[in-house]
Structure formats: structure tokens, C-alpha cells
Amino acid sequence: MTETKQRSLLERLVGRPLPWLVWMFAVLAGVWIVLAIAEPSGQHTFMAVTWTILAAVQIGSAYYARRQERNHVQNTDRDIETH
């Protein structure tokens, strides 16, 4: 790893979250939920649960990455003001 910063476990498992990918996971989860309600079957229910979990992980990853970036910027600004 040539980066000077360490990546979190979530970034290592999921990768850096991209906003369009997060929305795609959420839309796919929504489609499977609608299918599971419209035509209840084992496959539709399984896929709805699976995509919902994956979308939740993606949303959590994006939120965490955004919060880390915001904290990093605030800490950098604070360091610049003190010097």
C-alpha cells in the first residue's frame, strides 16, 4: 500500500463508496422489496433481504467515509489556525 494513510476495515471490505453505486444498491433493494410484496416467493424474499442488507452496508460506508473526510478537513483547518 503506497498510501500514507491507513484505510478502515470497512474501506478494505467494501472499497471507497461511490455515490452512484450507493444509489444503485438502494434502487435494486427497492425493486426486490416491491417484487417480494407483489409476488411473494422464497427467491424474491431472499433477494429483497440480501439487497437491503447490501444497500445498508453501502449507505453506512458512504456515511462513514463522508464523516471521516469532514473530520479530517476540520482537523486540518484547526492545525493551520494554530500554526
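Residues numbered from 1 in each chain as written. Predicted model: local features only at pLDDT ≥ 70, side-chain atom pairs only at ≥ 80, totals over all residues. Heavy atoms only, no water.

S.K.: Tell me about a nonpolar patch on the surface, residues and numbers included.
M.R.: Where nonpolar side chains cluster on the molecular surface, the patch consists of Leu18, Trp20 and Met24 and spans about 320 Å² of accessible area. You can see Met24 is positioned in helix H2 (residues 19-38). (Patch = residues over 30% accessible without salt bridge, like charges linked within 9 Å, V, L, I, M, F, W, Y side chains within 5 Å. Areas by Shrake-Rupley, 256 points an atom, 1.4 Å probe, with all protein chains shown as cover. Salt bridge = Lys/Arg side-chain N within 4 Å of Asp/Glu carboxyl O. Helix = DSSP H or I, 4+ residues; strand = E, 2+ residues; numbered from the N terminus.)

S.K.: Kindly report on the environment of Trp32, identifying the contributing residues and their values.
M.R.: Mapped onto the secondary structure, Trp32 falls in helix H2. Sequence spacing of Trp32 and Trp51 is 19 residues, and the spatial spacing of their C-alpha atoms is 7.5 Å. What Trp32 contacts, discounting residues up to four positions off in sequence, is His44, Met47, Ala48 and Trp51. (Contact = heavy atoms within 4.5 Å.)

S.K.: Can you lay out the nonpolar core for me, pointing to particular residues and giving the numbers?
M.R.: Counting seven residues, the largest nonpolar core is built from Phe25, Ala29, Trp32, Ala36, Ala48, Trp51 and Ala55. Those elements giving two or more residues to this core turn out to be H2 and helix H3 (42-82). For this core, the element with the most residues is H2, which contributes four residues. In this view, Trp51 contacts Phe25, Leu28, Ala29 and Trp32; residues no more than four positions away in its chain are not counted. (Core = buried A, V, L, I, M, F, W, Y, C linked by side-chain atoms within 4.5 Å. Buried < 20%, exposed > 50% of the residue type's maximum accessible area, 1.4 Å probe, protein only.)

S.K.: Requested: an account of the side chain of His44, with residues and values cited.
M.R.: Summarising the element assignment, His44 is placed in helix H3. Taking relative accessible area as the criterion, His44 reaches 14% and is therefore assigned buried. Residues contacting His44, with those up to four places away along its chain left out, are Trp32, Leu35, Ala36 and Glu39.

S.K.: I'd love a proper account of the environment of Gln58, names of residues and values included.
M.R.: Tracing the sequence through the fold places Gln58 in helix H3. Sequence spacing of Gln58 and Val22 is 36 residues, and the spatial spacing of their C-alpha atoms is 5.5 Å.

S.K.: So what's going on with H2? Residues and values would help.
M.R.: Taking 1.5 Å of rise per residue, 20 residues should cover 28 Å, and H2 covers 29 Å from first to last C-alpha, within 8% of that figure. Of all the positions in H2, only Val22, Phe25, Ala29, Trp32 and Ala36 are classed as buried. In a view along the axis of H2, the buried residues occupy a sector of 95°, so they form one face of it. Along H2, the residues that are exposed and aim more than 90 degrees away from the buried face are Pro19, Trp20, Trp23, Val27, Val34, Ile37 and Ala38. (Expected span 1.5 Å × (residues − 1). Arc of directions from axis to C-beta.)

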